[in-house]
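# Notes for the structure review
Below, each chain spelled out in residue letters.
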Amino acid sequence: MNTVTSRTTRSTADWQRADAAHFLHPFTDFQSLARKGSRIITRADNIYLWDSEGHKILDAMSGLWCVNVGYGQQALIDAATRQLRELPFYNAFFQTATPPPIELAELLCEVTPPQFNHVFFTGSGSEGNDTVVRMVRRYWDVLGQPQRQVIISRKNAYHGSTMAGASLGGMAAMHAQGGLPIPGIVHIEQPYWYALGRSMSRDDFGRVAARWLEDKILEVGPDKVAAFIGEPVQGAGGVIIPPETYWPEIQRICDQYGILLVSDEVICGFGRTGHWFGCERFGVRPDLMTFAKGVTSGYIPLGGVMVGDRVATVMIEQGGEFEHGYTYSGHPTACAVGVANIRLIRELGLVQHVRDTAGPHLAKLFETLKDHPLVGDAETCGLMGALLLVKNKVTGELFPDEVGIGMVCRGHCFGNGLIMRAVGNRMIMAPPLVMTTAQIDEMGSLIRRCLDLTLEQAR
Ligand code: PLP
């Protein structure tokens with residue numbers, strides 16, 4: 001029989017051995033993990049992490065795009081502790097409720113755009129997008145148009161990892177495993193100007209990319225299309241920031257054909273773009289919004305769907321029972337943390353901080369990084385950003401895939417106390433919203449050092 005040793009007495013090697021022996025990590029090559037061993041993160045404060053060897057690391061990815069208020073916020077810890085003592089769990093099925101989800105629902109309806117007056121809670125963003133698929137199809141059913149089944153999404157989108165979430169997503173590697181996408185979900189190209197539209201101005205390309213939606217609607221048949229879903233800024237796909245002309249044209253097309261518009265705000269929500277929600281940054285009025293991550297700043301799992309009046313009215317007044325729900329829909333402890341988190345975002349003025357101070361400071365930093373020989377393009381939106389690494393700045397020539405330039409750079413980041421993520425040849429970041437301008441400068445020095453080391457290795 002295995003003996004489980006106490007946490008404090010284990011060395012890094014002990015953790016790595018047990019990890020490789022028993023823990024199947026998400027999105028991980030199991031053999032590679034066993035060979036190299038995981039980095040074990042043991043504690044955190046503000047925007048910094050520490051690993052089991054005592055190294056301090058600046059977390060420019062906010063955990064996994066979620067720790068918006070930074071680590072160690074006492075208000076969130078207290079909210080969880082209080083709720084765990086009072087009532088750790090009770091369900092929201094069968095006409096029962098607990099106070100925290102009611103309070104959180106009220107607060108969410110205050111901070112979201114005015115068309116949102118209802119929320120359906122889930123345990124994660126993936127479950128939120130599964131809920132979207134079921135709700136969208138139910139909506140059209142109730143309206144007597146059951147043939148409206150098709151949901152249009154985009155290539156390289158990420159909408160989660162459940163069957164519906166991965167199907168909505170446009171990740172080829174995910175579709176290649178398990179027979180995805182499920183029927184009734186189709187994809188158009190993403191609005192990635194550098195890869196697909198450099199012969200045009202960004203604005204012209206934005207309109208062209210949006211019209212791919214119209215082409216697809218006409219191909220499928222307008223009476224069969226139920227909804228379009230998109231992330232305001234594609235996050236996991238590489239922080240693909242669309243041209244300003246893109247979303248207004250998407251809105252026009254959805255309005256013209258009467259199809260529902262779904263904004264996946266799992267990353268862009270709760271201040272990331274300098275607005276409460278990404279749809280506000282880009283001037284669109286979605287009918288449904290998926291959220292997760294930033295709703296609790298990742299302190300505890302929680303997700304959901306904001307349901308706009310157009311859909312809510314039909315579901316409530318004509319729909320009868322909606323045969324859908326999760327054990328943890330409206331989990332009281334998770335919702336108590338959500339309430340504390342939103343109050344804290346307000347108290348600290350984090351949305352304004354991103355819009356007026358931290359976001360513009362990050363944009364300035366990225367402008368200066370454009371002088372680096374490896375950086376072919378640098379873009380930010382609020383507190384998210386991407387650096388495109390190129391072989392030749394003048395011609396825009398990219399490194400061959402075999403070089404794995406992003407992974408080389410990511411390795412140097414890890415080795416120098418910085419967490420950034422690599423998506424192909426794009427180095428991406430989404431740091432905690434509490435980041436100060438001095439901390440952005442500190443991050444800038446780290447990035448430049450890592451780019452220099454990457455350049456040396458690539459030569
Ligand atoms: N939607 C978007 C835009 C995401 O980025 C993610 C996760 O990264 C999800 C959905 C899925 O959320 P979860 O991992 O909580 O299921």
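Residues numbered from 1 in each chain as written. Predicted model: local features only at pLDDT ≥ 70, side-chain atom pairs only at ≥ 80, totals over all residues.

Attention now goes to the overall build of the chain. Looking only at helices and strands, the chain features 17 helices and 15 strands. The C-alpha atoms of the chain give 22 Å as radius of gyration, which agrees with the globular expectation for 459 residues (23 Å, within 12%). With the C-alpha coordinates of the chain rotated into their principal frame, the extents come out at 60 × 60 × 45 Å. Counting across all 459 residues of the chain, residues that qualify as buried make up 46%. Residue pairs in contact within the chain that sit at least 24 positions apart in sequence constitute 71% of those at least 6 positions apart. (Helix = DSSP H or I, 4+ residues; strand = E, 2+ residues; numbered from the N terminus. Rg over C-alpha atoms; globule rule 2.2 N^0.38 Å. Buried ≥ 20, exposed ≤ 12 C-beta atoms within 10 Å, placed from the backbone. Contact = placed C-beta atoms within 7 Å.)

In the neighbourhood of the ligand, 16 residues make up the surrounding shell, with Ser124, Gly125, Ser126, Gly160 and Val266 lying closest. For the shell around the ligand, the leading source of residues is helix α6 (residues 125-142), giving three residues. For the shell around the ligand, the class distribution of residues is five nonpolar, nine polar and two charged. (Near = placed C-beta within 6 Å. Nonpolar A, V, L, I, M, F, W, Y, C, P; charged D, E, K, R; others polar.)

Bringing the confidence of the model for the chain into the picture now. Residues at a pLDDT of 70 or more form 98% of the chain, whose mean pLDDT is 97. Complex prediction metrics read pTM 0.97 and ipTM 0.99. (pLDDT = per-residue confidence, 0-100.)

What follows covers the packing of helix α10 (residues 202-220) against helix α11 (residues 246-257). Where α10 contacts α11, the two axes come as close as 8 Å, and the packing angle between them is 20 degrees. Between α10 and α11, the crossing angle belongs to the class labelled roughly parallel. Judged by the twist between their axes, the crossing of α10 over α11 is right-handed. Taking contact as the criterion, the partners of Gly206, Arg207, Ala209, Ala210, Arg211, Leu213, Glu214 and Ile217 in α10 are, on α11, Tyr246, Glu249, Ile250, Ile253 and Tyr257. Its residues assigned to classes, the contact of α10 with α11 shows eight nonpolar, one polar and four charged. (Axes fitted to C-alpha atoms, helices over the stretch in contact; angles between N-to-C directions. Parallel < 35°, antiparallel > 145°, perpendicular 65-115°, else oblique. Left-handed = near helix turned anticlockwise from the far one by under 90°.)

This paragraph deals with the sheet that holds strand β15 (residues 426-429). Each strand in a sheet pairs with its neighbour through backbone hydrogen bonds, running either in the same direction (parallel) or in the opposite one (antiparallel). Pairing is antiparallel in the open sheet, where four strands are placed in the order β11-β12-β15-β14. With one partner strand each, in any of the chains shown, β11 (375-381) and β14 (421-423) form the two edges of the open sheet. With strand direction ignored, the average angle separating the axes of adjacent strands in the sheet is 20 degrees. The pairing of β11 with strand β12 (residues 384-389) spans six bridges and is antiparallel. Note on β12: the bridge partner recorded for threonine 380 is glycine 385. The strands touched by helix α15 (residues 350-369) are β11 and β12; relative to β11, the strand with the most contacts, the crossing angle is about 175 degrees. Relative to the sheet, helix α16 (residues 405-415) contacts β12, β14 and β15, its axis offset from that of β14 by approximately 175 degrees. (Pairing = 2+ DSSP bridges.)

Here α10 spans 28 Å end to end across 19 residues, near enough to the 27 Å set by a 1.5 Å rise per residue. Where α10 is concerned, the buried positions are Phe205, Gly206, Ala209, Ala210, Leu213 and Ile217. Viewed along the axis of α10, the buried residues span an arc of 150 degrees, placing them on a single side of the element. Opposite its buried face, α10 presents the exposed residues Asp215, Leu218 and Glu219, each directed more than 90 degrees away. Where the residues of α10 are buried, they touch β5 (150-154), β6 (185-188), α9 (193-196), β7 (225-230) and α11. (Expected span 1.5 Å × (residues − 1). Arc of directions from axis to C-beta.)

Here the focus is the packing of α6 against helix α13 (residues 309-317). At their nearest, the axes of α6 and α13 sit 10 Å apart, and the two run at 65 degrees to each other. Along this stretch, α6 crosses α13, giving a crossing that reads as left-handed. In contact with Met135, Arg138, Tyr139 and Val142 of α6, α13 contributes Val311, Val314 and Met315. For the contact of α6 with α13, the class distribution of residues is six nonpolar, no polar and one charged.

Once that is clear, we can look at unusual backbone geometry. Across the chain, the bulk of peptide bonds are trans and the bulk of non-glycine residues have phi less than zero. The omega torsion across leucine 180 and proline 181 is 0 degrees, close enough to zero to call that bond cis. Structurally, the position occupied by proline 181 is in the loop between α8 (172-175) and β6.

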